[in-house]
Amino acid sequence: MLPAVAIVGRPNVGKSTLFNQLTRSRDALVADFPGLTRDRRYGYAEVDGRTAVVIDTGGLDDDESELGRLAEQQTAFAIAETNLIVFVVDCRDGLTAADQRIAEALRASGKPVLVAVNKSEGVDAEIETAEFHSLGLGSPLPIAALHGRGLRSLVQAVGEQLPNSDEPATIERDESVPAVAVVGRPNVGKSTLINRLLGSERMITSAEPGTTRDSVDVMCERAGQRYLLIDTAGIRRRAKVSDTIEKFSVVQSLQAIENAGVVILLLDAREGVTEQDLHLLGLVIERGKALTIGINKWDHLSLARRRQIESQVARKLRFAEFARVTYVSALHGSKIDDLLDNAMRAYAAAGQTFATPRLNEILERTTAAHQPPIVAGRRIKLKFAHQGGRFPPIIVIHGGRAERMPHQYRRYLTNAFRDALGLVGTPLKLEFRSGENPFEGRRNALTRRQQKRRQRVIRHRR
């Protein structure tokens, strides 16, 4: 399983800024679940060649309000399900009583802790971090999250503390037994769908949201094909946690997405497409996963409501047009085989291998129909293409100044390759590489000769 790192600390010490730096993204691009918990976000980061789940938690202070207690409770849940804690303190504020209380709680958790002294730009790091040694959590690491200073040392320290894993950052998948992760908000019918596919009441189902708390793997055979179905905990839309034993296992859901060969995103037809659904969909696409979308609870809806939902799906899911949408009823079993077939088509598309001549023929035809743009007074030239990977398919395009390709033309090429290759249900990634100019060294040599000749002429005139 992927290791998890939780970022904790007082409010306004720079936790979210550090989170964005580690995940190399902005708030709009990370797995941001508004209302899930107070200021709690999930994302992925590359640490020492491995992928880790990073958790941004709410600020801990003496706030006795309901929101304050809720933020503290959710931070405790994040600490319980993480492998390493990064405790962020403020260099400008110095060591506070709140920092000391948080440090006591972190020591009691038994988890390894790294102290990151943020906002240390422009000061003597050794002097400013000296007082934080008294926390008893090891040597503090000075950083400036806003400017990215000191992050390399912090990431290196995180990599040394994370548990060793034999799994690489890109997980190899057994194509003979596809892993299918069923994800979505609570109470959309994930466990009911898996029970229908299994033909038995394997999963506990209830109308109460949050019934499933952990990811559950179960083998399934249907129509002669074996699958590994992964039932995940619903990713909450609201912070309604009253049961102290309930852990909101978002980390396990994100790990299930990472380990799956294909993802079924289940939506509730009665509630329509929510912002939470869009955030989760964006996360699946960002990880390059094969994808199919199921609109559940389609039964008992009026014709007018169905037309309204279809229009909403077409409008809001336009950025995921490559994914097929199936309207199902997990309770009654209608269209669930179509949903699984679409998932398998997406899985097969993500694992395809394409011949280089075919890719070059598509590139030539596409660029002839619409030439690459002119950038800085020179037209970008694309020379040849080849496949660079699978799950998802990666096409590498070589050419002159290719790294300056504008976003609009990248999208044009992506759609052209997708249509020509017939890819459905999988993201397609294009990588642009510029070849070295064979005349670059010769031009520099000529310049040096010209300089030497000029110097000889000057000496001769003297």
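Keep in mind that what you see is a predicted model, and the values were worked out from it rather than measured.

Q: Help me out: how do you make sense of the overall build of the chain in this one?
A: When helices and strands are tallied, the chain shows 13 helices and 18 strands. A burial count over the chain gives 49% of its 462 residues as buried. Long-range pairs, those at least 24 residues apart, make up 72% of the contacts in the chain between residues at least 6 apart in sequence. Put simply, the chain shows about 23200 Å² of open surface, and 47% of that area lies on carbon and sulfur atoms.

Q: Which parts of the structure should I look at to understand the side chain of K297?
A: Tracing the backbone shows K297 in the loop between β12 (290–296) and α9 (303–316). The class for K297 is buried, based on a relative accessible area of 16%. There is a polar contact of 2.6 Å between the side chain of K297 and the backbone oxygen of N187. If we skip the residues at most four places from it in the chain, K297 touches N187, V188, D268, A269, R270, V328 and S329.

Q: Before we go on, may I ask you to explain the environment of P186 in this structure?
A: Turning to its location among the elements, P186 is positioned in the loop between β8 (179–184) and α6 (190–198). Through-space distance from the C-alpha of P186 to that of L267 is 9.8 Å; in sequence the pair is 81 residues apart.

Q: Would you take a moment to explain the confidence of the model for the chain for this structure?
A: Predicted coordinates in areas of low pLDDT are best not read in detail. Taken residue by residue, the chain gives an average pLDDT of 80. The fraction at 70 or more is 78%. When the criterion is pLDDT under 50, residues 237–249 qualifies, and its contacts beyond four places in sequence or with other chains add up to 42 contacts. Scored below 50 in pLDDT, residues 437–443 makes one contact in the model with residues more than four places away or belonging to other chains.

Q: So what exactly am I meant to see when it comes to the sheet that holds strand β16 (residues 381–389) here?
A: Hydrogen bonds between backbone groups are what pair the strands of a sheet, and the pairing can be parallel or antiparallel. Taken in spatial order, the three strands line up as β16-β17-β18 in an open sheet, and their pairing is mixed. Only two strands of the sheet have a single neighbouring strand rather than two, namely β16 and β18 (429–434). Ignoring which end each strand starts from, the neighbouring axes of this sheet average 25° apart. The sheet contact formed by strand β17 (residues 394–400) and β18 spans six bridges and is parallel. Paired with I395 across the strands is L430, a residue of β18. Docked against the sheet, helix α11 (residues 356–369) engages β16 and β17, running at close to 140° with respect to β16. Packing of helix α12 (residues 407–421) onto the sheet brings it into contact with β16, β17 and β18, and relative to β18 it is tilted by some 125°.

Q: Got a minute to help me understand the layout of surface pockets in this structure?
A: Rolled over the atoms, a probe with the dimensions of a water molecule shows which regions are left empty. Approximately 850 Å³ is the volume found for the largest pocket. As for the largest pocket, its lining consists of 19 residues, and the residues nearest its centre are F319, R411, T414, R418 and L428. Elements with a minimum of two residues in the lining of the largest pocket: α8 (275–286), α12 and β18. Residue contributions to the lining of the largest pocket peak at seven residues, all from α12. Split by residue class, the lining of the largest pocket holds seven nonpolar, four polar and eight charged.

Q: Quick question: what am I supposed to make of the pattern of salt bridges here?
A: Where charged atoms of side chains with opposite charge meet at close range, the side chains can pair. For the coordinates displayed, the defined rule picks out 12 salt bridges. The partner of K297 in a salt bridge is D268, and the shortest N-O contact between them spans 3.2 Å. Of the two residues, K297 sits in the loop between β12 and α9 while D268 sits in strand β11 (residues 262–268), which places them 29 residues apart along the sequence. Accessibility classification places K297 together with D268 in one group, the buried group. Residues R307 and E310 are paired through a salt bridge, measuring 3.4 Å at the closest nitrogen-oxygen approach. Residue R307 and its partner E310 are located together in helix α9, separated by three residues, close to a single helical turn. A residue is classified by how much of its surface remains accessible, and E310, at 29% relative accessible area, is partly exposed. A single network of salt bridges, built from pairs that share partners, joins R10, D93 and D99.

Q: Would you explain the nonpolar core in this entry?
A: One broad trend across soluble globular proteins is that nonpolar side chains are buried collectively. Grouped together as the largest cluster of nonpolar side chains are 39 residues, with contacts concentrated most on V53, I257, L281, L291, I293 and I295. In terms of residues, this core owes the most to one element, α8, which gives six residues. Dropping the residues within four chain positions of it, I295 is found in contact with L267, A269, I309, V313, V325, T326, Y327 and V328. V182, L193, C220 and V328 belong to the second-largest nonpolar core, a separate cluster that totals 25 residues.

Q: Whenever I open this one, the packing of α6 against helix α10 (residues 336–350) confuses me. Can you help?
A: Axes are the key here: two packed helices are described by the angle between their axes and the distance separating the axes. Running from N to C, α6 and α10 cross one another at 95°; their axes reach a closest spacing of 11 Å. Regarding the angle of α6 to α10, the classification is roughly perpendicular. Facing α6, whose interface residues are L193, R196 and L197, α10 presents I336, L339 and L340. Split into classes, the residues belonging to the contact of α6 with α10 amount to five nonpolar, no polar and one charged.

Q: Sorry, what's going on with a positive patch on the surface here?
A: A cluster of like positive charges, contributed by R378, K381, K383 and R404, occupies part of the molecular surface. Assignment of secondary structure puts K383 in strand β16. Exposure remark for K383: the relative accessible area of 62% places this residue in the exposed category.

About the thresholds
Residues numbered from 1 in each chain as written. Predicted model: local features only at pLDDT ≥ 70, side-chain atom pairs only at ≥ 80, totals over all residues. Heavy atoms only, no water. Helix = DSSP H or I, 4+ residues; strand = E, 2+ residues; numbered from the N terminus. Buried < 20%, exposed > 50% of the residue type's maximum accessible area, 1.4 Å probe, protein only. Contact = heavy atoms within 4.5 Å. Areas by Shrake-Rupley, 256 points an atom, 1.4 Å probe, with all protein chains shown as cover. Polar contact = N/O pair within 3.5 Å; in protein donor to acceptor, adjacent residues only side chain to side chain. pLDDT = per-residue confidence, 0-100. Pairing = 2+ DSSP bridges. Axes fitted to C-alpha atoms, helices over the stretch in contact; angles between N-to-C directions. 1 Å grid on protein atoms, 1.4 Å probe; cavity = no way out; pocket = protein on both sides within 12 Å on 5 of 7 lines; lining within 4 Å. Points joined across faces, edges and corners; volume = space filled by probe spheres on them. Nonpolar A, V, L, I, M, F, W, Y, C, P; charged D, E, K, R; others polar. Salt bridge = Lys/Arg side-chain N within 4 Å of Asp/Glu carboxyl O. Core = buried A, V, L, I, M, F, W, Y, C linked by side-chain atoms within 4.5 Å. Parallel < 35°, antiparallel > 145°, perpendicular 65-115°, else oblique. Patch = residues over 30% accessible without salt bridge, like charges linked within 9 Å, V, L, I, M, F, W, Y side chains within 5 Å. Lys, Arg positive; Asp, Glu negative; His and termini not counted. Charge placed at Lys NZ, Arg CZ, Asp CG, Glu CD.

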